[in-house]
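Structural characterization, general
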Amino acid sequence: MTPRDDRRASDPLDLEGLPGQPRRFHDDEDDAEAAPSVPAHAGRGRDESEKLDQYLLRRYHLHGDRKAREQLITMYLPLVRSLARRYASRGEHFDDLVQVGAIGLIKAIDRFDLSRGVELTTYATPNIVGEIKRYFRDKGWSVRVPRGLQELNIRLNKVIDELVPKLQRSPTINELAEAASATPEEVLEALETSQAYNSISLQASPNSEGGDEDAGLIDYLGGPEAAYETMEDRTTLAPGFAKLDARERYILHLRFFEGLTQSQIAERVGISQMHVSRLIRRSLEKLREEIGDLDHPGVSSVSGEQ
Amino acid sequence: MRESIRLEVPAAVTALPTLRMVLGGLAVHLDFSLEELEDLSLAATELLRAALDSEGLESWSVEMAVVDEALHVVLGPYRSPELRGRLQTAPGGPLCLDLCRLIGSTVDSFAVEDDGDGFMVRLVKGRRQA
């Protein structure tokens, strides 16, 4: 066994058999570096954390180690959440902001320059915040909606998130009106106007500057859910459904084939009912754009069965 | 007491918000949950879009009525055999998302009712008891 083989044998991040091409920004001179033994930031001192960051960044940038990249993303998600929380009062769903912030984090990890000697936190923070701000800039009302209704919509999102767990069911319009200090008519109007709200597609490529153009934002977020994978096993990616990501297909499956309510889906997937509602609407819209209508032969199957 | 509203609006997606608002108004009377209202709106919207595709309509005719604690939405008349087929045919497969399945999984019941030369489609949604 060569010294290099020996190092690999003791390396907790096995390089062998990983997909993707290594991105080599520098020579392989740091290859002999030993791996820090603790795999996460929790409970570590600043120096140790920085050491671990540097180690993982080298693994990724010098060896193309995707697992190191994933570990960095996981380690820094709390930072993304903390930054996203600052913007959560602006009416956007917190989960959406975390997802957008995660794109900023991934860009920061991918673009990090080892030779500049800065900490990843220092580099990642403006990237994450920038991505969230860009999201707000790009996201706007597609039709002119009075400010009062926009504000009520923001309030309603909050109220719905509070009421669903409290009531253990979807709130009625009257309950929403009472909780949001509005009339039922105003609630209906605000809910209707929310459909005029633009949102960036999580299918959009996060990196138009040479990254993986085929990958959607959703592909960069979080680890694979076992349930999604089970669904994938049964799914033939017919043209219409191929446009949906795994989570969207899973949610459509739960709603229209398993008969779960939006609240039940929200609980199972770990997102809010409003988020489920938006995802269902968006998925159906995507299908419609792709296949014209839902009965186009051969394209509306979420399984191999036609 | 039967409370009903009949609307005739241009057959265009821009008219859908108006229909949904009226539907919402009646749903408030029945104290529907947000989810129940969204389900019914989704079913009605998908059906109207399908009718627009297969019928070449100039206007949509929709009657909404509160009957025995349930909201009935009656759409039509339609004449397209294709649309009738899509509504009456059992879902294309156990895992095929078609119009029939989509409507069937969002309302309590729906029916295709003969009406002269054409047919009406009735969607029924009641409030789930807590």
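Above this note sits the structure.
Structure report, in brief. It should be emphasised that the depicted structure is a prediction, and the values quoted were computed from it without experimental measurement. (Residues numbered from 1 in each chain as written. Chains lettered and ligands numbered in written order. Predicted model: local features only at pLDDT ≥ 70, side-chain atom pairs only at ≥ 80, totals over all residues.)

1. What about the overall build of chain A?
Under the convention used in this document: Labels follow the DSSP assignment, with helices taken as runs of H or I lasting at least four residues and strands as runs of E lasting at least two, numbered in each case from the N terminus. Remark: C-beta atoms are placed from the backbone, and a residue is labelled buried if 20 or more other C-beta atoms sit within 10 Å of its own, exposed if 12 or fewer do, or partly exposed between those counts. Contacts here follow a simple rule: the backbone-placed C-beta atoms of the two residues must lie within 7 Å.
The helix and strand tally for chain A stands at 13 helices and 0 strands. Reading the secondary structure of chain A in the N-to-C direction produces α-α-α-α-α-α-α-α-α-α-α-α-α. The buried share of chain A, taken over its 306 residues, is 34%. Residue pairs at least 24 apart in sequence account for 61% of intrachain contacts in chain A once pairs closer than 6 positions are excluded.

2. Quick look at the nonpolar core
Note the threshold: Joining buried Ala, Val, Leu, Ile, Met, Phe, Trp, Tyr and Cys residues through C-beta atoms within 7 Å gives a set, and that set is a nonpolar core. Per the annotation, domain bounds derive from an automatic or database assignment of domains.
Core analysis: the biggest nonpolar cluster contains 62 residues, and Val187 of chain A together with Val73 of chain B have the highest contact counts within it. If you tally residues by element for this core, the top one is helix 2 (residues 34-55) of chain B, at 10 residues. Counting only domains with at least three residues in this core, you end up with domain 2 (140-198) and domain 3 (224-306) of chain A. Here Val187 of chain A is in contact with Leu156, Ile173, Leu176, Ala177, Ala180 and Ala182 of chain A, once residues within four sequence places are set aside.

3. Comments concerning helix 12 (residues 262-269) of chain A
All names here are of chain A. The condition is simple: The arc in question is formed by the directions pointing from the helix axis toward the C-beta atoms.
Turning to helix 12, its buried residues number three or more, namely Gln262, Ser263, Ile265 and Ala266. Down the axis of helix 12, the buried set is contained in an arc of 160°. They therefore lie on one face. Phi turns positive, to about 85°, at Gly270, one or two residues after helix 12.

4. Some remarks on the packing of helix 6 (residues 147-167) of chain A against helix 8 (residues 184-193) of chain A
Residue and element names in this part refer to chain A. Which entries qualify depends on this criterion: Angles run from 0 to 180 degrees between N-to-C directions of axes, and those axes are lines fitted to C-alpha atoms, restricted for helices to the stretch in contact. We call two directions roughly parallel when the angle between them is under 35 degrees, roughly antiparallel when it is over 145, roughly perpendicular when it lies between 65 and 115, and oblique otherwise. Amino acids outside the nonpolar list (Ala, Val, Leu, Ile, Met, Phe, Trp, Tyr, Cys, Pro) and the charged list (Asp, Glu, Lys, Arg) are all regarded as polar, and Gly is one of them.
It is the contact of helix 6 with helix 8, at a shortest axis distance of 9 Å, that shows an interaxial angle of 90°. Considering the angle they form, helix 6 stands roughly perpendicular to helix 8. Between helix 6 and helix 8, the residues in contact are Leu149, Leu152, Asn153 and Leu156 and Glu186, Val187, Glu189, Ala190, Leu191 and Thr193, respectively. Taken together, the residues of the contact of helix 6 with helix 8 break down into 6 nonpolar, 2 polar and 2 charged.

5. A short note on unusual backbone geometry
At the junction of Gly76 of chain B and Pro77 of chain B, the peptide bond is cis and its omega measures out at 5° in the coordinates. By the element assignment, Pro77 of chain B lies in strand 3 (residues 70-78). Despite not being glycine, Ser181 of chain A shows a phi value in the positive range, around 50°. Tracing the backbone through its elements, the reader meets Ser181 of chain A in the loop between helix 7 (173-179) and helix 8. Positive phi, close to 45°, is recorded for Asp68 of chain B, a residue that is not glycine. Following the sequence through the fold, Asp68 of chain B ends up in the loop between strand 2 (59-67) and strand 3.

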